[in-house]
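# Per-entry structural report
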Amino acid sequence: MLQKPRGRGRPSGQSEREKDWGRGGDCRAARGGVAEEAPSTSRGVGGSSQGARRAEASPAVGPRSQQQLELKVAELVQFLLIKDQKKIPIKRSDILKHVIGDYRDIFPNLLKLAAERLEYVFGYKLVELEPKSNSYILINSLEPVEEDAELRGDQGTPTTGLLMIVLGLIFMKGNTIKETEVWDFLRRLGVFPAKKHLIFGDPKKLITEDFVRQRYLEYRPIPHTDPVDYEFQWGPRTNLETSKMKVLKFVAKVHKQDPKDWPAQYCEALADEEARARPQTVGAAPSVGTAEGRRGKGTG
Amino acid sequence: MQGGTRRVGTMTDVHRRFLQLLMTHGVLEEGDVKRLQKHCYKVHDCNAPVEKLEDFINNINSVLESLYIEIKKGVTEDDGRPIYALVNLATTPISKMASDFAENELDLFRKALELIIDSETGFASSTNILNLVDQLKGKKMRKKEAEHVLQKFVQNKWLIEKEGDFTLHSRAILEMEQYIRETHPEAMKICNICHSLLIQGQSCDTCGIRMHLPCVAKYFQASSEPRCPNCNDYWPHEIPEVFDPEKHREAAISRPSKKPSRSRQH
């Protein structure tokens, strides 16, 4: 089965239309099959000038057909997959503008269905970056394995190594670190802020701009410093995609030591593990899809 | 595809990892797809027998159907190597590129696409493409930048470059066939054998019908005196060889910088 309507408890005040859609699993039966017959309900992502394949005016109100709704979920899934490739959190307003359009009234439902499919079909969890942030990211539920990178071949992966080093450094130094310390450390590894690196390109931009925009790192000026110095902390994506324990294990592996060789960090990581294992307090769950959405894995 | 009657398959982590990795590539040759499949089995379930690739992909496609996504199989237009791409059927293919490219860059692609489709050979020269940079929508683009953008299209497997000329990558053909049929119904060319979109191929000097090179190869495989399937006149081109995976593997091993040096025909 594509998806079981897993006990989707629904407040009773919802419209007939929504209930229909909620049955999700059997909507396939209504579909005549091939995609050519499918009316596109939106102009897609930014391709507006190319436009509206068989533009069918989607009704502003009134019942939507199963097919229209299914297509809308499909568009939403594709939009999220495409946007996630850049690793920049996806804004709710962008989703509304580019995909949802006239379907705004059932947005939460569409998002939930899209989240279910993303997880069932692709193994990605859709989670809100931070509570009430109105931006979303996809977290890979599959543990990364080393050969993946090999098979993947191309871009993306080498920078993950550098990111892990910086994350490790931040954690080992008590969760906040001055930028100057980061560069002092990286210089020893042959990575210089102002020098183009064979693999990382412009390391300064990668660390202080790209990783920051992707929300792996927080980067801010330290007050009352002259000349101004900056500091780093973990960003919200890091907490979702990986954990203190995983980063500590990475650091230990690099040093060919045991995580317990750093007792303070080890205790902190353990406490973090325990906190993650506890059920979410109400209101803090950032997950859109399933209740356990916060447990991210890997550094994708 | 048989519409609604088909059984919907089951996804496991093997399938999911396979999809994730296929997605990062966009397009893969058959050998790489098989390697990928084996890898995913190994990661998640060492003991399960590796399903036949065709069944494996059919299973995934049955699930993808409701998402208007499909793993499509095709062959390269020049030498008929089988390839697989994850294509999307719900939104326009240009929108898939929209996250990687700016408006003026997308317009450059559209312009290049038009030139390629309108051309006799299926190739557009970089000069001709670059001459259109002044007409692009969005931010102004200089020729130097446009050259760089064209290279980006090549890297992302939307275009192929051969000696300064550009044609569509097989991935783009798989993804964009429907779109091209809708937007360029007059200009697009169809293969007389397989009736799919044709960008590069051979054509009959007498009646003008066209055929993909791999289709030519198969169609004339056994004939000593090739004749046009439409007008029966003598077929005036060199008949390419049918793609042979065995041979290709050997060639790939002895010459790892695989670059099939085929002469261009039309």
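Residues numbered from 1 in each chain as written. Chains lettered and ligands numbered in written order. Predicted model: local features only at pLDDT ≥ 70, side-chain atom pairs only at ≥ 80, totals over all residues. Heavy atoms only, no water.

Along chain A, the regular secondary structure elements total eleven helices and six strands. Counting only residues that meet the buried cut, chain A has 47% of its 300 residues in that class. Put simply, of all contacts in chain A between residues at least 6 apart along the chain, 62% involve residues at least 24 apart. (Helix = DSSP H or I, 4+ residues; strand = E, 2+ residues; numbered from the N terminus. Buried < 20%, exposed > 50% of the residue type's maximum accessible area, 1.4 Å probe, protein only. Contact = heavy atoms within 4.5 Å.)

Moving on, we get to the nonpolar core. Core analysis: the biggest nonpolar cluster contains 52 residues, and F122 of chain A together with F18 and I71 of chain B have the highest contact counts within it. At ten residues, helix α4 (residues 107–122) of chain A tops the list of elements feeding residues into this core. M97, A98, V149 and I173 of chain B belong to the second-largest nonpolar core, a separate cluster that totals 32 residues. (Core = buried A, V, L, I, M, F, W, Y, C linked by side-chain atoms within 4.5 Å.)

All names here are of chain B. The geometry of helix α5 (residues 103–118) relative to helix α7 (residues 143–155) is characterised by a closest axis approach of 10 Å and an angle of 75 degrees between their N-to-C directions. In terms of axis orientation, α5 runs roughly perpendicular to α7. Here E105, L108 and F109 of α5 come into contact with α7, specifically with A146, V149, L150, K152 and F153. Looking at the contact of α5 with α7, its residues break down into six nonpolar, no polar and two charged. (Axes fitted to C-alpha atoms, helices over the stretch in contact; angles between N-to-C directions. Parallel < 35°, antiparallel > 145°, perpendicular 65-115°, else oblique. Nonpolar A, V, L, I, M, F, W, Y, C, P; charged D, E, K, R; others polar.)

Taken from the UniProt record, the annotation "domain: RING-type" (unreviewed entry) applies to residues 191–232 of chain B. Note that residues 191–232 of chain B is 17% helix and 14% strand, and that its end C-alpha atoms are spaced 16 Å apart. (UniProt positions renumbered as here; feature names shortened; annotations may be inferred.)

Residue and element names in this part refer to chain A. Position of I95 relative to the elements: it lies in helix α3 (residues 92–100). Along the primary structure I95 and D261 are separated by 166 residues, whereas in three dimensions their C-alpha atoms are 46 Å apart. In this structure, I95 is in contact with L76, F79, L80, I90, I100, F107 and Y136, ignoring residues within four places of it in sequence.

Residue and element names in this part refer to chain B. Taken in spatial order, the three strands of this open sheet run β4-β6-β5, and their pairing is antiparallel. Here the strands that pair on one side only, and so sit at the sheet edges, are β4 (124–125) and β5 (159–162). The pairing of β4 with strand β6 (residues 165–168) spans two bridges and is antiparallel. Counterpart to A124 in the pairing with β6 is F166. On the sheet, α5 packs against β4, β5 and β6 and is oriented at approximately 90 degrees with respect to β6. (Pairing = 2+ DSSP bridges.)

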